[in-house]
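Coordinate analysis (summary)
The chain contents come next:
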Amino acid sequence: MNGVGRLIKNELIKVTHQISWKIITALVLVLAIAVPIINYYSETNVNSDPANWIRESRDSAEGIIKEYYDAHLKAYDFFENNDISSSDWRYDKFIREYEDAELSLAGMELVLGGEDPEEVYNVFGSFGDCYYDYGKKTMVYYDENTGSERTMDQAKMTALCDEMRKKIADLEHEVTTITFNDYVNEIVDGITADIGDGMYRTGTDSKALEGVSKMLDIWKAALGTAREDEAWVLKTASASEDIAVYFSSFVPVSESDFESNGSLVSEYKTYAAYKKYCDTSYDEALGAMNTLLYSIKNKIPLPDYMEYSVRDEFRSSVSTNASLTLFFCMILAATIVASEHTSGTIRLLMIRPRARWKILFSKLACIAIYGIAMFVCATGLSFITSAVMHGVSEFSVPYLVLRGTSVAAVSPFAAIFLKVFIDTLPMIVLVMLAFGLSVLMKKVVFAVAIPLMIQMFGSVASQISWMLLGKAPILKWTIIPYYDLSMINYTPFERFSGYGMYDIIRANDLTLKVGIIMMAIHIVAALIISFVAWDRQQIKN
């Protein structure tokens, strides 16, 4: 292998001595430092106190628009005057409700003061239970006694203003006196009462009630939370409410009902496929609930529900480093053989007393060594940057991962690198494709252009194929549906976020295991074709 080692060394020298690759390497390393800083400041700016930009907007506003901003600021000023910051659980829970109440009151007071109702409505929107009817050119409200809309008169609007003032006063009292345990106990009591009334039960199937029972366990686990953990625990427990509603939809209908339901038959084809979808979706929902419960019980915050997560910011940096590294490895793979043909140096390579496979292997090894070295250096710089900015304490907090419906705590580094590796497998396929095209076509332009086109449009093609699988099931056994592997490598929380594509992935039974196998097959195929073509290649004089 000494001969192969010398060949690899020569290839690395050729690459690293080129000014263009020196610039590329420096660029990636600079970005490795810059990305964590950019991510931090962009995230903190998004999560910063909105009162700041509201004040700036008010200072340049006039008339009704100025009154609109003033109403917003009353809400933020109340929380600020009571030492309730954006990291306090009460801020997350009550700020929107308090803000809406102040806006409704301010809008109605402007109308009572003689301002044009249409103009006020266009700025403020609806005022509680009343709104502006553009057809009637007047304010109207819904009368629960008569079950119809009625024209708003001054007396009714005055009464509504009094109701809104009382609501604001009640909110102020609640915000300043309620404790976290008081709030959680109210929710626990409400869920318990609803379960007792049979509100959540669907027929006699226990699955429909399981989600609500889990939600109750999660809220009970939140009792007694330490003050510094209240904000993330509230967000975590609240997430259970969104997931619980899915359980009843995963109770499968009977086979006869399935066969008589045209839309279900059209989507799933067979009752077995439909039943499998319901069962696997139920397991995912149960796994998500178990993760929330484990998180609160063991005081391990999930990055999804933290105001700012250093672990998540580092994961984003690692993902960026991997994508940039593989992108440039794709360019290197596309040029490393084809450029030999273009420059004519291929003849000098072929006349050497070396087996052909050793020459090609040395080029492949050069790509791998260069890419791994660049990624390791870039990720090391990203970690150092994060450590300097935030310290390393959060890196001792494990990630929670699902194994079936059970939860396991794993090293954050293991979880981050595994996820990034799986998500970037399609780009590794493109690197191998570029390498194969460089061998087969001998033209840099084709070896670069084709993988770049796939990189640009691959995710779109992948998502389009998901919607075509019902009509063309053969697509499932191609690489196309699995190209956007990061979407298939979803977490249960992403699945139940309301984004419909995840449901399409599950309905078509697109699994991560099959996706990884597809990627591996194409990587191996590209390597075999490259070496066979290289061995049989004829070099013209």
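Residues numbered from 1 in each chain as written. Predicted model: local features only at pLDDT ≥ 70, side-chain atom pairs only at ≥ 80, totals over all residues. Heavy atoms only, no water.

1. Some points on a negative patch on the surface
Quick note on the threshold: Here the term patch refers to residues with relative accessible area over 30% and no salt bridge, with like charges joined within 9 Å and nonpolar side chains (Val, Leu, Ile, Met, Phe, Trp, Tyr) within 5 Å. The Shrake-Rupley method, run with a 1.4 Å probe, gives the accessible areas here. Residue values count only the displayed protein chains as cover. What counts as a salt bridge is simple: a side-chain nitrogen of Lys or Arg found within 4 Å of a carboxyl oxygen of Asp or Glu. Only four residue types enter the charge count, namely Lys and Arg as positive and Asp and Glu as negative; His and the chain termini do not. Charge positions come from single atoms, namely NZ of Lys, CZ of Arg, CG of Asp or CD of Glu. Segments assigned H or I by DSSP are reported as helices when at least four residues long, segments assigned E as strands when at least two residues long, and all are numbered from the N terminus. Per-residue accessibility, obtained with a 1.4 Å probe over protein chains only, is compared with the maximum for each type, and a residue is labelled buried under 20%, exposed over 50%, and partly exposed between these values.
On the surface, Glu67, Glu115, Asp116 and Glu119 cluster together to form a negatively charged patch. Within the secondary structure layout, Glu119 lies in helix α6 (residues 117-124). On the basis of relative accessibility, which here comes to 42%, the residue Glu119 falls in the partly exposed class.

2. Comments concerning the nonpolar core
Basically, it comes down to this: In plain words, nonpolar cores are sets of buried Ala, Val, Leu, Ile, Met, Phe, Trp, Tyr and Cys residues tied together by side-chain atoms within 4.5 Å. Contacts are assigned to residue pairs with any non-hydrogen atoms lying within 4.5 Å of each other.
If you look at the biggest cluster of nonpolar residues, it comprises 85 residues, and the most contacted ones within it are Phe79, Phe124, Trp219, Ile243 and Leu292. Here the element with the most residues in this core is helix α5 (residues 89-112); it accounts for twelve residues. Once residues within four sequence positions are removed from consideration, Trp219 is found in contact with Tyr183, Val184, Ile187, Val188, Ile191, Leu234, Ala237, Ser238, Ser240 and Glu241. Formed by 57 residues, the second largest nonpolar core is a distinct cluster that contains Ala333, Ile367, Leu425 and Leu469.

3. Describing the packing of helix α10 (residues 230-244) against helix α13 (residues 271-297)
Formally: To obtain an axis, a line is fitted to C-alpha atoms, over the contacting stretch when the element is a helix, and the angle between two such axes runs from 0 to 180 degrees between their N-to-C directions. Note on terminology: angles under 35 degrees are roughly parallel, angles over 145 are roughly antiparallel, angles of 65 to 115 are roughly perpendicular, and the others are oblique. What makes a crossing left-handed is the near helix being turned counterclockwise from the far one by less than a right angle; a clockwise turn instead makes it right-handed. Here the nonpolar group is Ala, Val, Leu, Ile, Met, Phe, Trp, Tyr, Cys and Pro; Asp, Glu, Lys and Arg are the charged ones; every other residue, Gly included, is treated as polar.
One way to put it is that α10 packs onto α13 with a least axis distance of 10 Å and a crossing angle of 160°. Compared by their axis directions, α10 and α13 come out roughly antiparallel. Every pair of crossing elements has a handedness; the one defined by α10 and α13 is left-handed. Across the interface between the two elements, Trp232, Val233, Thr236, Ala237, Ala239, Ser240, Ile243 and Ala244 from α10 touch Ala285, Ala288, Met289, Leu292, Ser295 and Ile296 from α13. The residue inventory of the contact of α10 with α13, partitioned by class, reads eleven nonpolar, three polar and no charged.

4. Side note on the environment of Trp219
Residue position: Trp219 is located in helix α9 (residues 207-221). With 135 residues separating them along the chain, Trp219 and Ile84 place their C-alpha atoms 23 Å apart.

5. Describing the packing of aromatic side chains
Rules: Pairing of aromatic rings covers Phe, Tyr and Trp, the last counted by its six-membered ring, and requires centre-to-centre distances within 6.5 Å; plane angles under 30 degrees mean stacked, over 60 mean edge-to-face, and any other angle means tilted. Two conditions define a charge sitting above a ring: the NZ of Lys or the CZ of Arg must be within 6 Å of the ring centre, and it must be within 35 degrees of the ring normal.
Within the structure shown, the criterion is met by 35 aromatic pairs. On the basis of an interplanar angle of 50° and a centroid distance of 5.9 Å, the ring pair of Tyr271 and Tyr274 is categorised as tilted. In this pair, Tyr271 and Tyr274 are both assigned in helix α13, three residues apart and thus about one turn of the helix distant. Judged by relative accessible area, Tyr274 falls into the buried class, the value being 6%. Between the aromatic rings of Phe314 and Phe383, the centroid separation amounts to 5.8 Å while the plane-to-plane angle is 75°, which identifies the pairing as edge-to-face. In this pair, Phe314 sits in helix α14 (residues 310-336) while Phe383 sits in helix α17 (residues 356-390), placing the two residues 69 residues apart along the sequence. The partly exposed category is assigned to Phe383, whose relative accessible area is 25%. Directly above the aromatic system of Tyr399 lies the positively charged group of Arg311, at a separation of 5.2 Å from the ring centroid.

6. Examining the packing of α17 against helix α24 (residues 512-536)
Relative to each other, α17 and α24 sit at 135°, their axes nearing to 9 Å. When the interaxial angle is binned, α17 and α24 end up oblique. Once α17 is placed against α24, the crossing between them reads as right-handed. Seen from α17, the contacting residues are Arg356, Trp357, Ile359, Leu360, Phe361 and Leu364; seen from α24, they are Leu527, Ser530, Phe531, Trp534, Asp535 and Arg536.

7. Section: the sheet that holds strand β2 (residues 138-143)
Applied cut-off: Note: two strands are recorded as paired if DSSP finds a minimum of 2 bridges between them.
Here three strands make up an open sheet; going across it, the order is β1-β2-β3 and the pairing antiparallel. Bordering the open sheet on either side are β1 (130-133) and β3 (148-151), each of which pairs with just one other strand. When the angles between neighbouring strand axes are averaged without regard to direction, this sheet yields 40°.

8. A few points about helix α7 (residues 154-177)
For the record, the criterion: The length a helix should cover is 1.5 Å for every residue beyond the first.
Compared with an ideal rise of 1.5 Å per residue, which puts 24 residues at 34 Å, α7 spans 35 Å between its outermost C-alpha atoms and is within 8% of the ideal. Taken together, the buried positions of α7 are occupied by Met157, Leu160, Cys161, Met164, Ile168, Leu171 and Val175. Structurally, α7 contributes buried residues whose contacts are with α4 (63-81), α5, β1 and β2.

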